[in-house]
Amino acid sequence: MPSDLALDTAVTPVPGSAGHYTTNLPDAWSWNLPSGGVLMTVALRAIEATIADTSFRPVSATTLFCNPVPPGPLEVRVELLRRGNAAVQARAMLRAQASPGTDLEVSATFARERPGIDLVDTAPPRVPSPEDASPIVEPRRSVAGRSEYPFLDNFDSRLALGHVWWKPNWPAGAARYARWMRYKIPQRLADGTLDPFAIPPIADLMPPALRQKLGPEGPHFHAPSLDLTVHFLDPTASEWQLVSVWARRARAGYATAEAEVWGADGKLTAYATQTMFLRKPSR
């Protein structure tokens, strides 16, 4: 059964401790460990709760992933760095309750909408619509009665650009990859638009672009995130989001990539960048 991101990443304030929150993140949002994008969402919800003014919406956020975080009890501490009439800047430190220190840190800007320049100087790639794209069904094992990658059970996912990397005999090409993603349990605000905190989990899916360049015979790798930056752009009512990724460079054991996130309505929902740590898989 799919899980509800909004419920699973909700935070509870600690009585008598300003800016201090707890949550209990289930294993439903894990690969081998919880998705970095989902952990980022937990921290952003704590920042939103501290600001306590819904006229401020997320504009940009950067996460540094310091240590692996297991599912289960988490705590977040938020510090407001600056609060103005137009924008609020804050920092959130998240850790597993059993951890001795900070496991990840998010720096974020929330802002009110203001009149100003309105332009778009990019366009979505020409890809099949979600209705015409092929479903992505990644091979997985059952490990101790648990799906190997439960994170994937929460989405409908369809291939828009590139090749399914686990199959043989496909030609290597540009380090570009795109997939349509839709939450099985819709993530919407009260006005019907997509919850912006639903963006980090799908933006944190950049490694397959690198695989497109390496081809099916290229070296296998594991790519945990070192950081993730998300710029929250156009509100959209579209359930389907196109995550279009370009891996610009890999060297010295690291890789960098960027992603545009487009609604099926043609709106540019978000732009994201990431640095990954490349290492040999354990199996």
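Model, not experiment: these values are computed from the prediction.

A short note on the overall build of the protein chain
Regarding its fold elements, the protein chain presents four helices and 15 strands. Taking 283 residues into account, the globule formula puts the C-alpha radius of gyration at 19 Å, and the protein chain, at 19 Å, falls close to it. Seen along its three principal axes, the alpha-carbon backbone of the protein chain occupies a region of about 60 × 45 × 40 Å. In the protein chain, once contacts between residues fewer than 6 apart in sequence are set aside, the share between residues at least 24 apart is 69%. For the protein chain, the distance from the average position of its 29 positive side-chain charges to the average position of its 28 negative side-chain charges is 6 Å.

Side note on the packing of aromatic side chains
Enumeration according to the criterion identifies eleven aromatic pairs in this entry. Ring centres of Trp31 and Tyr149 lie 5.8 Å apart, and the angle between their planes is 55 degrees; on these two criteria the pair is classed as tilted. Separated by 118 residues along the polypeptide, Trp31 in the loop between strand 2 (20-25) and helix 2 (36-51) and Tyr149 in the loop between strand 9 (146-147) and strand 10 (155-161) bring together distant segments of the chain. Here Trp31 falls in the partly exposed class, since its relative accessible area comes to 23%. An angle of 50 degrees between the planes, with centres 4.6 Å apart, marks the rings of Phe155 and Tyr183 as tilted. Placement of Phe155 in strand 10 and of Tyr183 in strand 11 (residues 176-183) is noted, with a sequence separation of 28 residues between them. The class for Phe155 is buried, based on a relative accessible area of 6%.

Things to note about helix 2
Between its first and last C-alpha, helix 2 extends 23 Å over 16 residues, near the 22 Å set by a 1.5 Å rise per residue. By the criterion of burial, helix 2 is predominantly enclosed, with 14 of the 16 residues buried. In the stretch just after helix 2, Ala52 is the one whose phi turns positive, near 55 degrees.

Topic: the nonpolar core
Core analysis: the largest hydrophobic core is formed by 65 residues, its most contacted members being Leu44, Ile47, Val106, Ile199 and Val230. It is helix 2 that contributes the most residues to this core, nine residues altogether. Those residues in contact with Val106, other than ones at most four positions away along the chain, are Met40, Ala43, Leu44, Ile47, Ala61, Thr62, Thr63, Ala90, Arg91 and Ala92. With eight residues, the next largest nonpolar core counts Ala160, Trp240, Leu242 and Leu268 among its residues.

Overview of unusual backbone geometry
In this structure, Asn169 takes a positive phi of about 60 degrees despite not being glycine. In this fold, Asn169 is placed in the loop between strand 10 and strand 11. Even without being a glycine, Ala252 presents a positive backbone phi close to 55 degrees. Within the secondary structure, Ala252 sits in the loop between strand 13 (241-251) and strand 14 (254-263). For Ala252, a relative accessible area of 57% puts it in the exposed group.

Remarks on the pattern of salt bridges
Enumeration over the complete set of coordinates arrives at ten salt bridges. A salt bridge links Asp191 to Arg57; its shortest N-O distance comes to 3.9 Å. In this pair, Asp191 sits in the loop between strand 11 and helix 3 (199-203) while Arg57 sits in strand 3 (residues 57-65), placing the two residues 134 residues apart along the sequence. For Asp191, a relative accessible area of 52% gives the class exposed.

Details of a nonpolar patch on the surface
On the surface, Leu226, Tyr254 and Phe277 cluster together into a nonpolar patch covering about 240 Å² of accessible area. Topologically, Phe277 is positioned in strand 15 (residues 268-277). Overall, Phe277 belongs to the partly exposed group, its relative accessible area being 31%.

Notes on the environment of Asp234
Locating Asp234 in the fold gives a position in the loop between strand 12 (225-232) and strand 13. Along the chain, Asp234 and Ala49 lie 185 residues apart, while their C-alpha atoms are 22 Å from each other. What Asp234 contacts, discounting residues up to four positions off in sequence, is Lys267, Leu268 and Thr269.

Rules behind the numbers
- Position numbers for residues count from 1 along each chain, tracking the sequence in the order it is written.
- This being a predicted model, a pLDDT of at least 70 is required before a residue's local features are given, and a value of 80 or more before pairs of side-chain atoms are given or counted; all residues contribute to the totals for chains, interfaces and linings.
- Side-chain descriptors were evaluated using all non-hydrogen atoms of the structure, hydrogens and water having been removed beforehand.
- Only DSSP runs of H or I with at least four residues qualify as helices, and only runs of E with at least two residues qualify as strands; both kinds are numbered from the N terminus onward.
- The reference for a compact globule is 2.2 Å times residues^0.38; the radius of gyration itself is calculated from the C-alpha atoms.
- Should any heavy atoms of two residues lie within 4.5 Å, those residues are counted as being in contact.
- Charge assignment in this entry is limited to Lys and Arg as positive and Asp and Glu as negative, and neither His nor the chain termini are counted.
- Here the site of a charge means NZ on Lys, CZ on Arg, CG on Asp, or CD on Glu.
- To pair, rings of Phe, Tyr and Trp, with the six-membered ring standing in for Trp, must have centres within 6.5 Å; the planes then decide the type, stacked if under 30 degrees apart, edge-to-face if over 60, and tilted in the middle.
- Think of it in three bands: with a 1.4 Å probe and only protein chains considered, a residue is buried below 20% of the maximum accessible area for its type, exposed above 50%, and partly exposed in between.
- How far a helix is expected to stretch is found by multiplying one less than its residue total by 1.5 Å.
- Here, nonpolar core means buried Ala, Val, Leu, Ile, Met, Phe, Trp, Tyr and Cys residues that are tied together by side-chain atoms lying within 4.5 Å of each other.
- By salt bridge we mean one thing: a side-chain nitrogen of Lys or Arg within 4 Å of a carboxyl oxygen of Asp or Glu.
- Nonpolar side chains (Val, Leu, Ile, Met, Phe, Trp, Tyr) within 5 Å and like charges within 9 Å form the patches, drawn only from residues with over 30% relative accessible area and no salt bridge.
- Computed with a 1.4 Å probe, the accessible areas rest on the Shrake-Rupley method; for each residue, only the protein chains presented here act as cover.

Spatial relationships are all this shows, so hold off on functional conclusions.
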